[in-house]
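A closer look at the structure
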Amino acid sequence: SNEWPLSTADDADDIAPKHSGKTPYITRGTPQFMRVTLALFSAGLATFALLYCVQPLLPVLSQDFGISPATSSLSLSVSTVMLAFGLLFTGPLSDTIGRKNVMVVSLMLAAICTVICAFMTSWNGVLVMRAMMGLSLSGVAAVAMSYLSEEIHPSVLAFSMGLYISGNSIGGMSGRLVSGVLTDYFPWRVAIGTIGVLALIAAITFWRILPDSRHFRPGSLRPKTLLLNSKLHWRDAGLPLLFLEGFLLMGAFVTLFNYIGYRLLAPPYLLSQAVVGLLSVVYLTGSYSSPKAGALTARYGRGPVLSIAILLMLAGLGMTALSPLFAIFGGMMLFTAGFFAAHSVASSWIGQRARRAKGQASSMYLFSYYLGSSLAGTLGGFFWHSFGWMGISAFLSALLLLALVVSLILKHRL
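Source: prediction; values computed, not measured.

Cut-offs used in this document
Residues numbered from 1 in each chain as written. Predicted model: local features only at pLDDT ≥ 70, side-chain atom pairs only at ≥ 80, totals over all residues. Heavy atoms only, no water. Phe/Tyr/Trp six-rings, centres within 6.5 Å; stacked < 30°, edge-to-face > 60°. Helix = DSSP H or I, 4+ residues; strand = E, 2+ residues; numbered from the N terminus. Buried < 20%, exposed > 50% of the residue type's maximum accessible area, 1.4 Å probe, protein only. Core = buried A, V, L, I, M, F, W, Y, C linked by side-chain atoms within 4.5 Å. Contact = heavy atoms within 4.5 Å. 1 Å grid on protein atoms, 1.4 Å probe; cavity = no way out; pocket = protein on both sides within 12 Å on 5 of 7 lines; lining within 4 Å. Points joined across faces, edges and corners; volume = space filled by probe spheres on them. Polar contact = N/O pair within 3.5 Å; in protein donor to acceptor, adjacent residues only side chain to side chain. Axes fitted to C-alpha atoms, helices over the stretch in contact; angles between N-to-C directions. Parallel < 35°, antiparallel > 145°, perpendicular 65-115°, else oblique. Left-handed = near helix turned anticlockwise from the far one by under 90°. Nonpolar A, V, L, I, M, F, W, Y, C, P; charged D, E, K, R; others polar.

**Describing the packing of aromatic side chains**
- Going through the model one piece at a time under the given rule, you end up with 19 aromatic pairs.
- Each ring, one from Y283 and one from F340, has its centre 5.8 Å from the other, and the planes form 70°; the classification is edge-to-face. With Y283 in the loop between helix 13 (273–278) and helix 14 (286–300) and F340 in helix 16 (residues 325–353), the pair connects residues that are 57 residues apart, well separated along the chain. The same class applies to Y283 and to F340, which are both buried.
- In textbook terms, an aromatic cluster arises when at least three aromatic residues are bridged by ring pairs, as seen for F253, F257, Y283, F335, F339 and F340.

What follows is the structure, encoded as structure tokens:
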């Protein structure tokens, strides 16, 4: 499963320096490899637990602060939009001052902001801390893959990247699980504060055990080069469509999970906050669908597999419109499996499609991905408030049908 959408090492060669010195790369089976694996796994887990821990709490926040579902969803949207914008700067910054320094400071700041957030008495205070937390996390999201590509031996890079991605996925699920279950027994502040403290422990662990960079060579920030590469990416026949695809798919995915809790906590279901949190186990379906989609692309091509994955999301969305609880849960599983499969295909297509500056192309994809999460995730609140779940279904159907059209254009264009 890949909470982090760039699940392949296609852009690794672009990030990795052509190192000809005598310093060896880190290989599998060595103590350094174990340290890197544990450090990056804990960083990925903490990053996505911090980011998504508020998602099952949106109904609780609505009630506590007397705000609408759309306003409540801003607690997630401000984090992802600030993370998106931060990605444009933290990557180039790490090229200048070093990978480990940026990641350690970023993770610690994000954890501290989350602990402070638990003590905020005003809604605006909560939003400011969530925004600062999202901006801080961009320093981990943008830099971790660069660190791995520089330090890990090319023969085991894909394996190492997979372990990092699994930490991201498990973090996204566990953040929702922990906060959802704790809020059934304690105030939401206890849940947020607990995750902040756990993330701070993860950040200290990360700082102590991650080996220092040995192959990093500082460069200078060159805005002209960044601008030139950005123009080339936007003029490409396929990359802008892939950026749009990331925007649409992530927007649909986050919107469904933002508002399904409101539906299941209300009559006729009246589920507890803990059970709603436990529903995030559907994320585990991505553990199967992501690698399966990768294998199918080798046989049928990326375009057809991407289209089928989007059709799976539409089928899952249709099932959530039914009344029985088992149909809703089955629909969530199908929707989630389709989403992770689609992102696995789209993200690997970025690395294959970009002719140069693949790392920058990856950042632009991530920027679109998190922007979709922020804008669609908040906009969905107005559909929920006005039309209930049928409004959400109509909104998500529109996003997914547009994504399907984009996938068909990609199939014929690339």
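Back to the text.
**A closer look at the nonpolar core**
- In terms of nonpolar packing, the biggest core is built from 125 residues, with L40, F206, Y370 and L400 touching the most fellow members.
- In this view, F206 contacts A39, L40, S42, A43, M103, V104 and L107; residues no more than four positions away in its chain are not counted.

**Brief notes about empty space enclosed by the protein**
- The full count for this structure, using the stated rule, is two cavities of 30 Å³ or more.
- Residue assignment for the lining of the largest cavity shows that the elements contributing at least two residues are helix 12 (239–265) and helix 13.

**Re the side chain of S138**
- You can see S138 is positioned in helix 7 (residues 123–141).
- Residue S138 is classed as buried on the basis of its relative accessible area, which comes to 1%.
- In this structure the side chain of S138 is engaged in a polar contact, spanning 2.6 Å, whose partner is the backbone oxygen of L135.
- For S138, the contacting residues outside a window of four places in its chain are L83, G86, L87 and T90.

**What about the packing of helix 6 (residues 99–117) against helix 10 (residues 188–209)?**
- For the pair helix 6 and helix 10, interaxial distance at closest approach is 7 Å and the crossing angle is 160°. One element, helix 6, and the other, helix 10, form an angle in the roughly antiparallel class. Between helix 6 and helix 10 the crossing geometry is left-handed. For the pair helix 6 and helix 10, the contacting residues are K100, M103, V104, L107, M108, A111, I112, T114, V115 and C117 in the first and W188, R189, I192, G193, G196, V197, A199, L200, A203, I204, F206 and W207 in the second.
- Classifying every residue of the contact of helix 6 with helix 10 gives 17 nonpolar, three polar and two charged.

**Some details on the packing of helix 2 (residues 31–52) against helix 6**
- Two numbers describe how helix 2 lies on helix 6: the axes approach to 11 Å, and their chain directions differ by 35°. Like other packed secondary-structure pairs, helix 2 and helix 6 cross with a definite hand, here left-handed. Together, A43, A46, T47 and L50 of helix 2 and L107, A110, A111 and T114 of helix 6 make up the contact between the two elements.
- Within the contact of helix 2 with helix 6, the residues separate by chemical class into six nonpolar, two polar and no charged.

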